[in-house]
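Close look at the chain arrangement
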Amino acid sequence: MEIKRMTYYNGKLLMIFVYIIGLLTACDSSERIEVLRNDIHPSRHILVPLAPTFSVEVAGDTLYHQYLHVFKGKDFPLMGLLYVDGKGYRFMGGDSLRIRALAPLAGDSCGWKGKYFFLRPEEGWNKMGYDDSKWQEGSAAFGTEGLWYTTNTIWSAENIYLRRHVTLNKEALDNHKLYIRFLCDDIVTIFCNGDEVVHSNYTNKSVGCRQLPDTIVDKIKEGDNLLAAHCYNISSNALLDYGLYIENKEYIDVDTAFFKSVDIQATQTHYSFQCGDVELQLSFVAPSLLQDQEYMGCPVGFLSYRIVSTDGQQHDVDISFDMDMEWMFDRVKIKESVEKDWRIIQGDSLYVAVKAEDVQSVCKDGRIILTQKNMMRKGADSGVVLLGYEEGEVLQYFGENLPYYWQRNKNANIKEVLRNIGDNYQTLQRKCDETDMYYSQKLSLEKGKIKAEKMFPYYRNFLATRRLSVAPDGELLCYSNIVGRVRDAFDSFPYLMFYERMDWMKGTLKPVFDFCENGHWVKQFPPFDIGFFPIAIHQESVNDYGIEMAANMLMMTLAIVKTDGAFDYAEKHWRHIYQWGNYLEKMVKKQQELMAEQRKDSVKQQETSAVKQIPAAHKEEVKAILGLKAYQELIELQKQR
């Protein structure tokens, strides 16, 4: 692997340039640094990295064609609306927000009745016209007794087959999205008029939700329709409840804002919209990406906004954010408090904070509606919405529960971090501007070597899939859902080198070194990984890929040593570096002996073997040679100490 980095001279010039700009703007917190715009358009990228289980992602350039997303593509139902002189414009979110029941879950109503059968029925049981006269009738929900969810019909067999009739007004469904909501334990398949619409192993206590494809909606008939389901209970508890819901187009009369531009930087994404005679400037900011130790890796980001009159006149301007917490977390209890000038709203593990004196809040029906009124009239043409997320689980590292890096101060809590970032959000955004300018300038010096389309979104994408914790020895750990996965670390190294994140680079390799040095791994090559979050105790992969793992670790160690300009890091782990290097020497020797044997067979085999000496780049032979060269270079550097 060839890892490129900026020369010392160019790096110093850029740092001095950024420092001077920072000094010039330090006296005025409202001043922002102009950063060179990037004309890149990734298909999707992370806007605000909060946690691997909850980071806000956007697909495409605009914010209003669909909702933002969080973990595994789940909708993040946040809608943004700007009202200018009484006229509304939607600049963020889909064209609908709430859903209402057409055929509700038992938990959302007094219950519903359906026909059920425990034995496998004949073909066509899930279609209209099937004779279910021999089936029993029962009230939902169906399941075992004593569950957290009320069950009205006892189901204790292995399988249950259900038929639920629903009367629908076909005309009322036009231009509306339909959803199946369901609870099951364990495996469920749901059909609409015979067509499969859901198949899920959804066994937790949250309600699953699936949108019906347009092809299915088109087949819905006026009047009677059938929702059929088959649920298989693997063991222990059994549960099944499902229903049909339709979107409620609350903001159907609101126009769509005119999208002007998007600018994706390393730590921020900026949007510009025209709403009548007003321009809305919107920025998603990730302070957790800064080198500042106080904020590094903290699960808080923010959305800042600014209003600019484009005709030189004052206007009546209100901005509103409508977030559906129930959609995200099911039957969530919303808690609201005002702490040190900040209104903090919590729903499940998500926290939202706004300036209490500027923004009004309304919580109803599982929604949070935040509104800042008369912005231009009050002289307040800007504002901020803070987002925070607190994961419930921590990493169990060789039997010890590790705090997250942002919690290294035992008194730290998510509300304190929210207030701190809120009080300093303008300063932090200015620091992000400086950081973005630095990396933009750096990339311009390496033009043609690194593509901006990959580089700029990567920084936030990386942190959105990683956690930062404090190891028992006080050092930083950086890991994804699979802890210490060497292949992932190797793929990310060129990017981390560009962003000069030596701390994250070392934190990514630390679990591997700890696993070996603590005696948990006895093989002659490094492990592929050391476990799946939240427990790191043994390799999850069934394959070792010994040559690849040894070569990757040696090449990454060499990259760190060269970047540090010191041998200390390799010296600290030399026993295993020496072991892995010797392992690769043996592997290369075996490969050479095998090729020598092949050359003895015949002239034809000699010709064939000559081709095999230049294998494809992904083959182990290449990895072994590159890893061995890295090891030999490390030995030379050790001698020069």
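Residues numbered from 1 in each chain as written. Predicted model: local features only at pLDDT ≥ 70, side-chain atom pairs only at ≥ 80, totals over all residues. Heavy atoms only, no water.

1. Some points on the pattern of salt bridges
- This structure, assessed with the given rule, holds 28 salt bridges.
- Lys373 is the salt-bridge partner of Asp318, the closest N and O atoms lying 3.9 Å from each other. Of the two residues, Asp318 is situated in strand 24 (residues 317-324) and Lys373 in the loop between strand 29 (367-372) and strand 30 (382-389); the sequence distance between them amounts to 55 residues.
- Note that Asp488 is salt-bridged to Arg485, the shortest N-O span being 2.8 Å.
- Judged by its relative accessible area of 23%, Arg485 is partly exposed. (Salt bridge = Lys/Arg side-chain N within 4 Å of Asp/Glu carboxyl O. Helix = DSSP H or I, 4+ residues; strand = E, 2+ residues; numbered from the N terminus. Buried < 20%, exposed > 50% of the residue type's maximum accessible area, 1.4 Å probe, protein only.)

2. Quick notes on the sheet that holds strand 28 (residues 360-364)
- If you walk across this open sheet you meet the six strands as 19-6-5-24-29-28, and the pairing is mixed. Two strands lie at the open edges of the sheet, namely strand 19 (255-256) and strand 28, each paired on one side alone.
- With two bridges joining them, strand 6 (residues 87-92) and strand 19 adopt parallel strand pairing. Directly across from Arg90, in strand 19, lies its bridge partner Thr256. (Pairing = 2+ DSSP bridges.)

3. Digging into the packing of aromatic side chains
- According to the stated counting rule, one finds 41 aromatic pairs in the structure shown.
- Between Tyr64 and Phe273, the aromatic rings sit 6.1 Å apart at their centres with planes inclined by 55°, giving tilted as the arrangement. On the criterion of sequence distance, the pair formed by Tyr64 in the loop between strand 2 (54-59) and strand 3 (68-69) and Phe273 in strand 21 (residues 268-275) is long-range, its members being 209 residues apart. Grouping residues by exposure puts Tyr64 and Phe273 together as buried.
- Seen in terms of ring centroids, Phe462 and Trp504 are 5.8 Å apart; in terms of plane orientation they differ by 20°. Their pairing is stacked. With Phe462 in helix 6 (residues 452-464) and Trp504 in helix 8 (residues 502-517), this pair connects stretches of sequence that are 42 residues apart.
- Classification of Phe462 by relative accessible area gives buried; the value is 3%.
- Here Arg487 stacks its cationic end above the ring of Tyr545, 4.8 Å away from the centre of that ring.
- The ring of Phe490 has Lys623 sitting right over it, with the charged end atom 3.8 Å from the ring centre. (Phe/Tyr/Trp six-rings, centres within 6.5 Å; stacked < 30°, edge-to-face > 60°. Lys NZ or Arg CZ within 6 Å of the ring centre and 35° of its normal.)

4. Brief notes about unusual backbone geometry
- Look at the link from Ala140 to Ala141: it is a cis peptide, with omega at 5°.
- Within the fold, Ala141 resides in the loop between strand 9 (136-139) and strand 10 (142-143).
- With an omega dihedral of 15°, the bond running from Phe533 to Pro534 counts as a cis peptide bond.
- Looking at where Pro534 falls in the secondary structure, it is placed in the loop between strand 36 (531-532) and strand 37 (535-536).
- Phi at Asn175 is positive, roughly 60°, even though this residue is not glycine.

5. Here we look at the sheet that holds strand 31 (residues 396-397)
- Spatially, five strands are ordered 32-31-37-36-35 in an open sheet, and the strand pairing comes out mixed. Each having just a single partner strand, strand 32 (400-401) and strand 35 (482-483) make up the two edges of the open sheet.
- Bridge count for strand 31 against strand 37 is two bridges, and the pairing is parallel. Bridge assignment links Gln396 to a residue of strand 37, and that residue is Ile535.

6. Structural notes on empty space enclosed by the protein
- Under the counting rule described, the total for this entry stands at two cavities of 30 Å³ or more.
- Computed from the structure, the largest cavity encloses a volume of approximately 70 Å³.
- Along the walls of the largest cavity sit Arg466, Cys478, Tyr479, Ser480, Ile482, Gly484, Arg485, Asp488, Ala489 and Thr508, which together make up its complete lining.
- Only strand 34 (476-479) and helix 7 (486-498) provide two or more residues apiece to the lining of the largest cavity.
- A class-by-class count of the residues in the lining of the largest cavity yields four nonpolar, three polar and three charged.
- Around the second largest cavity, the lining residues are Tyr305, Ile319, Phe321, Val354, Val359, Leu370, Thr371, Gln372 and Val385.
- For the lining of the second largest cavity, the elements supplying multiple residues, two or more each, are strand 24 and strand 29.
- Of the residues that constitute the lining of the second largest cavity, the class distribution is seven nonpolar, two polar and no charged. (1 Å grid on protein atoms, 1.4 Å probe; cavity = no way out; pocket = protein on both sides within 12 Å on 5 of 7 lines; lining within 4 Å. Points joined across faces, edges and corners; volume = space filled by probe spheres on them. Nonpolar A, V, L, I, M, F, W, Y, C, P; charged D, E, K, R; others polar.)

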